[in-house]
Amino acid sequence: MIKKSFNFHMPTKVVFEDSAIDGLRKHVKGNSLLMMCDPYLYKIGTAQKVANATHIDKVVFFHEIEPNPSGQTVDKAVEIARSNQVDVVIGLGGGSAMDASKMVACLIENEGSIFDYYSIGNKVLRPRKAQLICIPTTAGTGSEVTNIGVYNNKETGIKMPFASEYFWPDIALIDPSLSHTMPSHITASTGMDAFTHAIESYWSVNSNPISDALSVSVMKTILENIEIACKEPTNAAARRNMAFASVTAGISFSQTKTTGIHVVSYPLTTDFGASHGLACSITLPAFIKLVYNGYQDKMDGLFAILGYDCLDAFVSRIEEIMEAIKLPTRLSALNIKESDLKGIAEVSMKVPAIHFTPVKVDEGILYHLLKSIL
Ligand SMILES: [Fe+2]
């Protein structure tokens, strides 16, 4: 049944094209560029290639972005941006670089540190003036089309999402050919990250008919393409399909936010070293089962559209794909022990997005869910 009332707001211009980097110049509006990426993309020359494509003379590189970017790293990049009077910020890479670029682009015009803004009741961001362009090199995070960034505080060890109206990139430039060199294990984990974005958006209490339609399309595309993209890295069609799925899942969850899977993934990344995609996919089958008990009608609708006749058939297919693309389905693969589970459940319950899950979730329920996949 269609909701009586909903809205959908996604102001980012999406440019999707093989070799889109070659046309970057026509989208850029500024004279002083900060190019943000991880050390690897800088080392192999991708960052330089993208910077050259802007045709901006004044370029400064910040290539210290780490996985799960910290507020401390963001502050360091902000200092460089301010001292160079940067008016264009490009976030190039996976979610870490793009998330960091959003906050940096905003803080150029806002005094102080990320930590002055990064908790409820603190300072409120003023509008961003610098142009923000996000260019993904993986296919999964969808950060290029969301107004959300996730940051880690190195001192407290707490990783939390932050959303702002000024975080929407001006341009999301998706060039599927950039993902051809992505290793198989990253293709697998980032691709399943996109799958969790889609299914969480579908079952989120904030879902709406447009996000539902996008999410269903994404799940179908990923189920049909992720194994091919992992096994045949230069298969242009599979890469393009996965890039499309990633950006579409991002647009969908930008409206609905993610739910329990992502919330639980945060301690799995910060405390147990899992990559973001792995930390999300590892609890996916268990969360599908949890949500099904209490949200059966909508989930049965999903299974029917995707061609599965019941919960078990759908979950079995996902587990089969995860095994084929070498993603673990047991927490013991992350060296997590039973004695760790209470802490994971406890910290997860502190993140407000846990309540976007459409069924009852409390510390005890999370503990049993985690124990079932130990
Ligand atoms: Fe994610």
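Position labels on residues start from 1 in each chain and follow its written sequence. Given that this is a predicted model, residues contribute local features only at a pLDDT of at least 70 and side-chain atom pairs are listed and counted only at 80 or more, while totals for whole chains, interfaces and linings are drawn from all residues.

## Regarding the overall build of the protein chain
In step 1: The helix and strand labels rest on DSSP assignments: H or I over at least four residues marks a helix, E over at least two residues marks a strand, and numbering proceeds from the N terminus. A tally of regular secondary structure across the protein chain gives 14 helices and eight strands.
In step 2: What the globule rule says is 2.2 Å times the number of residues to the power 0.38, and the radius of gyration is computed from C-alpha atoms. The C-alpha atoms of the protein chain give a radius of gyration of 20 Å, which matches the 21 Å a tight globule of 374 residues would have.
In step 3: Its C-alpha atoms give the protein chain principal-axis dimensions of roughly 55 × 45 × 45 Å.
In step 4: Looking at the protein chain as a whole, 48% of its 374 residues are labelled buried.
In step 5: Expressed as a percentage of contacts within the protein chain between residues at least 6 apart in sequence, the contacts between residues at least 24 apart total 78%. Once C-beta atoms are placed from the backbone, each residue is buried if 20 or more other C-beta atoms lie within 10 Å of its own, exposed if 12 or fewer, and partly exposed for counts between those two. We call two residues in contact when the distance between their C-beta atoms, placed using the backbone, is within 7 Å.

## Describing the nonpolar core
In step 1: Note on definitions: a nonpolar core is a set of buried residues drawn from Ala, Val, Leu, Ile, Met, Phe, Trp, Tyr and Cys, linked by C-beta atoms within 7 Å. One finds Met35, Met36, Val89, Ile90, Leu92 and Val104 to be the most contacted residues of the largest nonpolar core, which totals 102 residues.
In step 2: Reported domain spans reflect what an automatic or database domain assignment gives. Taken domain by domain, the makeup of this core includes at least three residues from each of domain 1 (13-178) and domain 2 (183-372).
In step 3: Residues in contact with leucine 92, not counting those within four places in the same chain, are Met35, Met36, Cys37, Leu41, Ala47, Val50, Ala97, Ile135 and Thr137.

## Section: the domain arrangement of the protein chain
In step 1: Partitioning the protein chain into domains gives domain 1 (13-178) and domain 2 (183-372).
In step 2: The straight-line distance from the C-alpha centre of domain 1 to that of domain 2 is 25 Å.
In step 3: Of the residues lining the interface, 25 residues belong to domain 1; the matching set on domain 2 comes to 25 residues.
In step 4: Put simply, the parts of the chain that give the side of domain 1 that touches domain 2 at least two residues each are strand 1 (13-16), strand 7 (159-163) and strand 8 (171-174).

## Brief notes about unusual backbone geometry
In step 1: Phi angles above zero are rare outside glycine, and serine 19 is one such case at about 65°.
In step 2: Counting through the fold element by element, serine 19 comes out in the loop between strand 1 and strand 2 (32-36).
In step 3: The exposed category is assigned to serine 19, around which 10 C-beta atoms lie within 10 Å.

## Brief notes about the sheet that holds strand 5 (residues 131-136)
In step 1: Note: two strands are recorded as paired if DSSP finds a minimum of 2 bridges between them. Strand order in the open sheet formed by six strands is 1-8-5-4-2-3, and the pairing between neighbours is parallel. Since the sheet does not close on itself, it has two edges, and those belong to strand 1 and strand 3 (58-62), each with one partner. Averaged over all pairs of adjacent strands, the angle between strand axes in this sheet comes to 20°, irrespective of strand direction.
In step 2: Here an axis means a line fitted to C-alpha atoms, over the contact stretch when the element is a helix, while the angle between two N-to-C directions is reported on a 0 to 180 degree scale. In this fold helix 4 (residues 95-107) packs onto strand 2, strand 4 (88-93) and strand 5, with an angle of close to 165° to the strand it touches most, strand 4.

## Details of the pairing of strand 5
In step 1: Burial analysis of strand 5 places five of its six residues in the buried class, the great majority of the element.
In step 2: As paired elements, strand 4 and strand 5 share six bridges and run parallel to each other. Opposite valine 89, over in strand 5, you have leucine 132 as the bridge partner.
In step 3: Both strand 5 and strand 8 contribute to a ladder of two bridges, which runs parallel.

## Here's the deal with the packing of helix 6 (residues 209-231) against helix 7 (residues 236-256)
In step 1: The contact between helix 6 and helix 7 brings their axes to 8 Å, and the two run at 150°. For the element pair helix 6 / helix 7, the angle class is roughly antiparallel. The two elements helix 6 and helix 7 meet at a crossing, and its hand is left-handed. Together, Ser211, Leu214, Ser215, Ser217, Val218, Thr221, Ile222, Asn225, Ile226, Ile228 and Ala229 of helix 6 and Ala238, Arg239, Asn241, Met242, Phe244, Ala245, Thr248, Ala249, Ile251, Ser252, Gln255 and Thr256 of helix 7 make up the contact between the two elements.
In step 2: Classification used: nonpolar for Ala, Val, Leu, Ile, Met, Phe, Trp, Tyr, Cys and Pro, charged for Asp, Glu, Lys and Arg, polar for all others including Gly. Of the residues that constitute the contact of helix 6 with helix 7, the class distribution is 12 nonpolar, 10 polar and one charged. Oblique is the label for every angle not falling under 35 degrees (roughly parallel), over 145 degrees (roughly antiparallel), or within 65 to 115 degrees (roughly perpendicular). For a crossing to be left-handed, the near helix must be turned anticlockwise from the far one by less than a right angle; the clockwise case is right-handed.

## A closer look at helix 7
In step 1: Between the first and last C-alpha of helix 7 there are 30 Å, a value that for 21 residues agrees with the 30 Å anticipated at 1.5 Å per step.
In step 2: Lysine 257, located one to two residues past helix 7, shows a positive phi value of around 70°. One less than the residue count of a helix, multiplied by 1.5 Å, gives the span that helix is expected to have.

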